[in-house]
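# Structural overview
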Amino acid sequence: MHYDLVIRNGMLVDGSGGPRFPADIAVHGGRIVKIGRVRAPATRTIDADGLVVAPGFVDGHTHMDAQVFWDPLGSCSCYHGVTTVIMGNCGFTLAPCAEKDADFVFRNLERAEDLSRDAMRAGIKWQWETFREYLAAVDALPKGINYGGYIGHSPLRTFVMGERAFTEQASADDLARMCHEVQDAVRAGAIGFSTSRTMNHLTSDDRPVASRVADWDEVRAIVMAMGETGAGIFELASEEPGRSPRRQRDYFDRLKHLAVDSGCPVTFGMPSIRIAPELWPAYYDLGDEVAAAGGRLFVQAHSREISTLLSFKSHTPFDNWELWREVRAKPLDEQKVLFGDPAMKRRLVDIASRPYEGPKVVGAEARPPEWEWVYHFNGIRDQRRMSDIAAERGVAPVEAMIDLAVERDFDCFFRQPLANEDQDAVLKMMKHPRSVVTFSDSGAHVAQIMDSSLQTHLLSHWVRDREAFTLEQAVRMITQDTAVAWGLYDRGLLREGLNADIVVFDPDTIDQDMPELVNDLPAGAQRLKQTSRGIHYTIVNGEVLLEDNKPTGATPGRLVRGPLAREQVA
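Fair warning: this is a prediction, and the values are worked out from it, not measured in the lab.

Each value, and the rule that gives it
- Residues numbered from 1 in each chain as written.
- Predicted model: local features only at pLDDT ≥ 70, side-chain atom pairs only at ≥ 80, totals over all residues.
- Heavy atoms only, no water.
- Core = buried A, V, L, I, M, F, W, Y, C linked by side-chain atoms within 4.5 Å.
- Buried < 20%, exposed > 50% of the residue type's maximum accessible area, 1.4 Å probe, protein only.
- Contact = heavy atoms within 4.5 Å.
- Helix = DSSP H or I, 4+ residues; strand = E, 2+ residues; numbered from the N terminus.
- Pairing = 2+ DSSP bridges.
- Axes fitted to C-alpha atoms, helices over the stretch in contact; angles between N-to-C directions.
- 1 Å grid on protein atoms, 1.4 Å probe; cavity = no way out; pocket = protein on both sides within 12 Å on 5 of 7 lines; lining within 4 Å.
- Points joined across faces, edges and corners; volume = space filled by probe spheres on them.
- Nonpolar A, V, L, I, M, F, W, Y, C, P; charged D, E, K, R; others polar.
- Phe/Tyr/Trp six-rings, centres within 6.5 Å; stacked < 30°, edge-to-face > 60°.

Looking now at the nonpolar core. Across soluble globular proteins, you tend to see nonpolar side chains buried next to one another. Formed by 118 residues in total, the largest nonpolar core has its most connected members in Phe69, Tyr134, Leu459 and Phe505. In contact with Leu459, other than residues within four places in its own chain, are Phe57, Arg464, Leu471, Ala474, Val475, Ile478, Phe505 and Ile510. Core analysis: the second largest hydrophobic core is formed by 27 residues, Met344, Ile351, Ile389 and Phe414 among them.

The next point concerns helix α14 (residues 397–407). Val398, Ala400, Met401, Ile402, Asp403, Leu404 and Ala405 are the residues of α14 that are buried. One or two positions beyond α14, positive phi appears at Asp409, with a value near 55 degrees.

This brings us to the sheet that holds strand β16 (residues 413–419). What the four strands build is an open sheet, ordered β13-β16-β14-β15; its pairing is antiparallel. Unpaired on one side and paired on the other, β13 (306–310) and β15 (382–385) mark the two borders of the sheet. Taken pair by pair, the neighbouring strands of this sheet meet at an average axis angle of 35 degrees, ignoring direction. Across the sheet, helix α13 (residues 386–393) lies against β14 (375–379), β15 and β16, angled at about 70 degrees from β15, the strand it touches most.

Attention now moves to the sheet that holds strand β17 (residues 435–437). Taken in spatial order, the eight strands make up an open sheet running β6-β7-β8-β9-β10-β11-β12-β17, and their pairing is parallel. The sheet is open, and its two edges are formed by β6 (57–59) and β17, each paired on a single side. Neighbour to neighbour, the strand axes of the sheet diverge by 25 degrees on average, direction disregarded. Taken together, the three bridges between strand β12 (residues 297–301) and β17 define a ladder with parallel strand orientation. When the sheet's bridge partners are listed, Ala301 is paired in β17 with Val437. Each of β6, β7 (82–87) and β17 touches helix α16 (residues 454–465); the most contacted strand, β6, lies at about 130 degrees to it.

So, about the layout of surface pockets. Size it by volume and the second largest pocket reaches roughly 420 Å³. Counting only elements with at least two residues in the lining of the second largest pocket, the list comes to β13, β15 and α16. It is α16 that provides the largest number of residues to the lining of the second largest pocket, a total of three residues. By residue class, the composition of the lining of the second largest pocket is six nonpolar, eight polar and seven charged.

Before going further, it helps to spend a moment on the packing of aromatic side chains. Note on aromatic pairs: each is described by the distance of the centres and the angle between the planes. Counted by the stated rule, this structure contains 21 aromatic pairs. Judged by centre distance (6.5 Å) and plane angle (65 degrees), the rings of Phe57 and Phe505 are edge-to-face. Within this pair, whereas Phe57 is found in strand β6, its partner Phe505 is found in strand β18 (residues 502–505), the two being separated by 448 residues in sequence. The exposure class of Phe505 is buried, given its relative accessible area of 0%. Ring geometry for Phe252 against Tyr283: centres 4.9 Å apart, planes inclined by 85 degrees, an arrangement best described as edge-to-face. Placement of the pair is Phe252 in helix α8 (residues 245–262) and Tyr283 in helix α9 (residues 280–293), with a sequence separation of 31 residues.

Purely geometric numbers; function is a separate question.
Shown next, in the form of C-alpha cells:
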C-alpha cells in the first residue's frame, strides 16, 4: 500500500497514559491506518528520530466563533499543538442571528469577551440566521484546525426576543421557540448549549449580557429540551454564590438536579482566587456528588495563573483615570515626551497612587493594581514583582512602571494575575479526578490575556521544570481526557482508525515564546500573539499544517459535529 504520510522512528506517547514506545505511524485518507513497523512508501515521510509523537491536543473552551472567518490557521491555539477546539462557550456565539440584528451579538461579545466590533464587522461575511445555517457556513470555510461549537444562550435570546432579551423574562412562546432552536442546533451538529450566569459578563453599555437576564427556570427548560434529543453538553459561566453556604447549596442542587434530570453532562471552569481560596474544592467535589446521583459534571481547570497582560502599547490600569486618559489618547511618541516631563510625571504618579474610587472592574479588564501582585514580565521565566523593583529604585511602583516602559520604548509587559495565584491549588485542581485541563479562552480577550499556550505550559513547566506529572500523564490530560469529556471519540489517541491529528515535538525544548502585540485583525484591531518552540510538526487530518511552527499553506481542518449529526452521516 502507498500511504499519504508516514512518521518514522518516533517515540509514541499515545494519549492513553501508558508508557511511551517506539513505532512508525502510517496515515491514509486523513486517518491513522497503521502503527508499528511501516515499510511501504508514502507521498511524504517525516523522520521523528529523537522526538515524541502524540495525538493533537484538544481544547474544550475557546471563543473562536468570529475569528474562524478571518483566520484560516486557528492561531494562537495551533501554535501550541492544538488541533481541535470547542468554541461558543459561556453563551456567546454568532448564531442564531440575522445579519440585520448583528448589533445584538456584538453587544454581547465586545466587552464580555473583548472582541473588536470593527474587526467583527470587517471580518465576518454573514451567511446565516439559524445555528444550523451557521454550522454550514463554518463547514464551508478553509480551516487549519478542527472546530466544534455550542449554541449560545445570549444570541438565542436576542434571536427570539430582540431588544426585550436585555430586559425581560421570556414568555411561554419565547421559551418554546428557544427550545425548538436548540434542539434543531443539536441535531445539526451543535456540541451542546452554553450560557453565562456570572456578573463578570456585561455589554458594552454596562448592562448584563442577554443570558444573565434569564431566570433559572428558562435555563432549565432549554437544557431539558436539549436532553430530549439524547445528546448535548451544557456549559456555563457559573453563578457566584460566594461564601454563603445556603446560596452555594442551592446553586449546587440546581446543577445536580439538572444534570440528572436532563441526562446532559454539565461543565464549567473554576479557578482559585486568593481572596477566597477555600471556595474552589467544593465545585470540583460536586462532580462526585452528581455522579452518585446518576448524572455527570466535570470542571475545567487551567494549568497556570490567569493574568491580564498590561502594556503601554495596549492597556494599563489607568487609561480612563483623570489626566491619564488625555495622555493615553495621544500617540506613543507624544506620551513618551509627557512621561519624561518631571512635573507631568509627578501628577500622573500622584493620581495613580490614590485609592481607586471608580466603578467596579470585572472580568479580564485592567484593574487597579495591587503592586505585590503585579510583575514585570521580562521573559517566560524572568518575572519580578513591581513592589520589589520599586523598592530597589526608591520610587512609587507606578513610577517604576512608567520608567521601565519608557526605558524600553514601551516594548514591555506587566503581568497582573486575576486568578489561580496559588500554584499548589492549581496542581490540586489538575489532579482532581473530576477535572479536565483546558480553558484557554482562545479568540477572546485578545489584547488582554494570552492563555492559548496552556498546553505548552503544562508540558514545559509542570512536566519538565516541576516534574509534577510524567509526560505520559500530561499528554493524556490534553488529548484523550479532553476528547472523551466532549464526546470526541475519534481523536485524542494514536490508534488505527482514528483521526490523524498528530503533534511531533521535542519534550526537552517545548516551551512558549514571549507574547507580542500585533495589529493583524480585520480593521487593524490589536491582539496578543504567542508562538511556541520545540514543536516540529502539527498534523491535522493527515496533512501537515505547521512545520517548525510555520504554516505550510494547507487548510485540512474540519467542522466537528455532535453525535446526532454524525449518526446521520454514518
